[in-house]
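Summary of structural features
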Amino acid sequence: MIINSTSLLKLAPIKNMLHTKERLHGVSYGMSEAGYDIRIKQDITFNATQLAYPFITEDQGQTALKRTVGRFTIASAIEEFQMPNNLVGIVHDKSTFARKGLSVFNTVIEPGFFGGLTLELTYHGNEILHIPAGSGIGQMIFHRTQVEAQYSGHYQDQEAGPQ
């Protein structure tokens, strides 16, 4: 079951959760209809010529060298997490940036996890894309688990900033 709105506020998986949806730089963040829109902590700019990778393709029996552009970086969310032991969160793309070619990897926030969140971003577009700090970057969807669990992995209690 997806947990949202009043139930999500009671469980408080994010410190200082907003009760409403806000806007900054033309992008929403905060409480959404089905979850919570998290923000990016850093300014990120993807340059159209950055990291071009060649690959080989066959075109009518001819081998040709073509180029595709792929860009990857890590960033962090502004929000700090304090996941209850009966709640799991999944990060999804935010449509505002997905429509421009940005993918936010679908990270799973385990029950019992606390600390900062590192985001993995890949840009598939051909234009410069600037993401201002504070912009909504991903949508968190929260689900209850049937049995409580406690995350104790490598990233527990990680500091703010990309790790």
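First, a word on scope: everything that follows refers to the structure included in this document. (Residues numbered from 1 in each chain as written. Predicted model: local features only at pLDDT ≥ 70, side-chain atom pairs only at ≥ 80, totals over all residues. Heavy atoms only, no water.)

1. Describing the overall build of the protein chain
Of the regular secondary structure elements, the protein chain holds two helices and 14 strands. Across the 163 residues of the protein chain, 40% fall into the buried class. For the protein chain, the accessible area works out to roughly 9,000 Å², and carbon and sulfur atoms hold 50% of it. (Helix = DSSP H or I, 4+ residues; strand = E, 2+ residues; numbered from the N terminus. Buried < 20%, exposed > 50% of the residue type's maximum accessible area, 1.4 Å probe, protein only. Areas by Shrake-Rupley, 256 points an atom, 1.4 Å probe, with all protein chains shown as cover.)

2. Observations concerning the side chain of T107
In this fold, T107 is placed in the loop between strand 10 (102–104) and strand 11 (108–109). For T107, the side chain forms a polar contact with the side chain of E120, separated by 3.1 Å. For T107, the residues in contact, after removing those within four places along its chain, are G89, I90, V91, L117 and E120. (Polar contact = N/O pair within 3.5 Å; in protein donor to acceptor, adjacent residues only side chain to side chain. Contact = heavy atoms within 4.5 Å.)

3. Quick look at the sheet that holds strand 10
If you trace the three strands from one edge of the open sheet to the other, you get 8-12-10, paired in antiparallel fashion. In the strand order of this sheet, the two ends are held by strand 8 (71–82) and strand 10, each with one partner. Taking the axes of each pair of neighbouring strands and ignoring which way they run, one obtains an average angle of 30° across the sheet. By the bridge criterion, three bridges tie strand 10 to strand 12 (residues 114–123) in an arrangement that is antiparallel. Directly across from V104, in strand 12, lies its bridge partner L121. (Pairing = 2+ DSSP bridges. Axes fitted to C-alpha atoms, helices over the stretch in contact; angles between N-to-C directions.)

4. What to know about the pairing of strand 4 (residues 36–39)
Burial of strand 4 is two-sided: the residues Y36 and I38 facing one way and the residues D37 and R39 facing the other way are all buried. In this sheet, strand 4 lies alongside strand 3 (residues 27–31) in antiparallel orientation, the contact comprising two bridges. Across the sheet, residue G30 finds its bridge partner in strand 4, namely D37. In textbook terms, the turn of a hairpin is the stretch between consecutive antiparallel strands, and for strand 3 and strand 4 this stretch comprises four residues. Note: strand 4 against strand 14 (residues 136–144), four bridges, orientation antiparallel. Paired with I38 across the two strands is G138, which belongs to strand 14.

5. Describing the layout of surface pockets
Gaps left between atoms are located by rolling a probe of water-molecule size over the structure's atoms. Here the largest pocket defines a volume of roughly 220 Å³. Lining the largest pocket we find 13 residues, and of these T107, V108, L117, Y155 and Q158 sit closest to its centre. Secondary-structure elements contributing two or more residues to the lining of the largest pocket are strand 11 and strand 12. In terms of residue count, strand 12 provides more of the lining of the largest pocket than any other element does, three residues in total. For the lining of the largest pocket, a count of residues per class yields seven nonpolar, four polar and two charged. (1 Å grid on protein atoms, 1.4 Å probe; cavity = no way out; pocket = protein on both sides within 12 Å on 5 of 7 lines; lining within 4 Å. Points joined across faces, edges and corners; volume = space filled by probe spheres on them. Nonpolar A, V, L, I, M, F, W, Y, C, P; charged D, E, K, R; others polar.)

6. Observations concerning unusual backbone geometry
Positive phi is not limited to glycine here, since S5 has a value of about 50°. One can find S5 in helix 1 (residues 5–11). The phi dihedral of H25 is positive, around 55°, even though this residue is not glycine. Within the secondary structure, H25 sits in the loop between strand 2 (21–24) and strand 3. Residue class for H25 comes out partly exposed when judged on its relative accessible area of 48%.

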